[in-house]
Amino acid sequence: MSKKKIIAITGGVIIVAALAVFTIPRMFEGKKVELVAEVPPAVTVENPELRTIKLDSELIGTIEPDSIVYVTPLGAGEVTSVNVQTGDQVQAGQLLCVIDTKQVETARITMETARISYEDANKNLNRYAVLHAAGDVSDADFQSIKDKVELARLQYEGAKLGYDIQLESSQITAPIAGVIESFNISVHDKVSQQSVLCVIAGEGSKGVTFYASERIVNGLNAGDSLRVEKSGMEYQGTITEVGTMTDQASGLFKVKAAVAEGDSLPTGTSVKLYVTSQKAENVLTVPADCIYYENGIPCVYTYEDGILHKNVVTTGLADSMYIEIKDGLNADAQVVTTWTSELYDGSRVTLAE
């Protein structure tokens with residue numbers, strides 16, 4: 001290409017550029033150019049509220065009568081008669097069975113011998129009383145006779161007490177009214193003081209016994225309510241006793257509770273129960289989703305005059321929805337409930353409508 005042509009083309013480009021410089025401003029003459037500012041993100045807030053937070057624990061318990069008695073004999077021997085069976089309703093003092101202790105007859109003979117001696121001594125005293133009144137027996141001799149009568153009386157009463165004990169050992173009666181839950185003996189069985197003859201469940205509502213760990217027991221007190229579930233039915237109960245020593249077998253603490261309207265629950269069956277193991281009453285709370293952890297430290301973000309502020313807090317008890325705030329917030333704080341990782345301490349935001 002010749003130099004003339006290059007110069008001509010170059011000159012044309014310069015002319016076009018020059019025309020553009022003058023033409024473009026004229027195209028925008030009379031038009032106003034607007035710059036759009038970035039809008040701060042919108043957040044929602046709510047105030048902390050006073051609530052009661054409860055944590056329930058699910059446990060397994062065993063149904064028992066409110067009162068239950070394990071009947072054992074006072075002496076060893078052979079069962080000679082049986083008067084009841086499992087499932088029978090009995091009254092207090094009703095005869096359950098008779099045990100031949102081989103000592104009842106001996107005790108009876110001892111008692112009768114002592115009784116005769118006591119009666120003879122009394123007769124002798126009456127005779128000597130007449131002589132003593134006539135002056136034929138000295139005061140000292142008459143006092144000696146009276147002392148022998150008193151000794152005979154004490155011996156008779158002791159023998160009678162021994163007989164009564166042996167008779168009680170032989171005739172086993174129901175100590176309370178109720179239902180015989182189990183009866184484990186038959187005629188001619190040999191029993192001892194360690195034998196459990198029967199179990200009597202007292203009349204009245206049923207109860208439940210369960211075992212719990214130290215963490216749960218620390219939150220339980222007599223009078224606390226609980227909920228019992230069995231075969232789709234629900235019953236309300238009240239804790240009556242909280243053990244202070246661990247069970248040697250399980251290492252757990254034994255707890256007892258009364259179950260209202262639980263008469264239909266079979267004794268010895270297992271049930272589910274729910275107890276409030278931890279509770280914080282009338283405490284300041286925020287939604288659990290508002291808590292964020294930075295290096296393991298809990299914090300919340302609050303809104304004030306269009307700015308986000310990070311607040312380090314001390315938390316307490318929490319359930320699935322709310323968490324207790326022990327320190328770091330007051331009831332007037334506007335806690336951000338829609339904080340995201342794009343926001344930060346000092347961010348400028350607006351409140352969502």
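It should be noted that the structure appears before, not after, this text.
Asker: Go over the pairing of strand S18 (residues 297-304) with me, naming the residues and quoting the values.
Answerer: Regular strands place side chains that alternate from one sheet face to the opposite one. The element S18 is largely enclosed, with a buried count of 6 among its 8 residues. Pairing of strand S17 (residues 292-294) with S18, which is carried by 3 bridges, proceeds in the antiparallel orientation. Residue glutamate 294 lies in a different strand from S18, and its bridge partner there is isoleucine 297. Pairing analysis gives 6 bridges linking S18 to strand S19 (residues 307-312), with the strands arranged antiparallel. Bridging from a neighbouring strand, valine 300 pairs with asparagine 311 of S19. What sits between the antiparallel neighbours S18 and S19 is a turn of 2 residues, in which aspartate 305 has the positive phi angle 55°.

Asker: Residue-level account of helix H2 (residues 104-134), with values.
Answerer: If you check H2, its first and last C-alpha atoms are 46 Å apart, about what 31 residues at 1.5 Å a residue would give, namely 45 Å. Every buried residue of H2 is listed here: Val104, Ala107, Met111, Ala114, Ala121 and Leu125. Elements in contact with the buried residues of H2: helix H3 (139-170). Positioned one or two residues after H2, glycine 135 has a phi angle of 90°, which is positive.

Asker: Quick one: what's the story with the pattern of salt bridges, residue by residue and with numbers?
Answerer: Across all of its chains, the model carries 12 salt bridges by this definition. Put simply, glutamate 49 and arginine 51 hold a salt bridge, and the shortest N to O gap is 3.2 Å. With relative accessibility at 41%, the residue glutamate 49 sits in the partly exposed group. The salt bridge partner of lysine 272 is glutamate 58, with a shortest N-O separation of 3.8 Å. Of this pair, lysine 272 sits in strand S16 (residues 270-287) while glutamate 58 sits in strand S3 (residues 49-65), and the two are 214 residues apart along the sequence. A relative accessible area of 39% means that lysine 272 is categorised as partly exposed. The network of salt bridges with shared partners includes Glu112, Arg115 and Glu119.

Scoring rules and cut-offs
Residues numbered from 1 in each chain as written. Predicted model: local features only at pLDDT ≥ 70, side-chain atom pairs only at ≥ 80, totals over all residues. Heavy atoms only, no water. Buried < 20%, exposed > 50% of the residue type's maximum accessible area, 1.4 Å probe, protein only. Helix = DSSP H or I, 4+ residues; strand = E, 2+ residues; numbered from the N terminus. Pairing = 2+ DSSP bridges. Expected span 1.5 Å × (residues − 1). Contact = heavy atoms within 4.5 Å. Salt bridge = Lys/Arg side-chain N within 4 Å of Asp/Glu carboxyl O.

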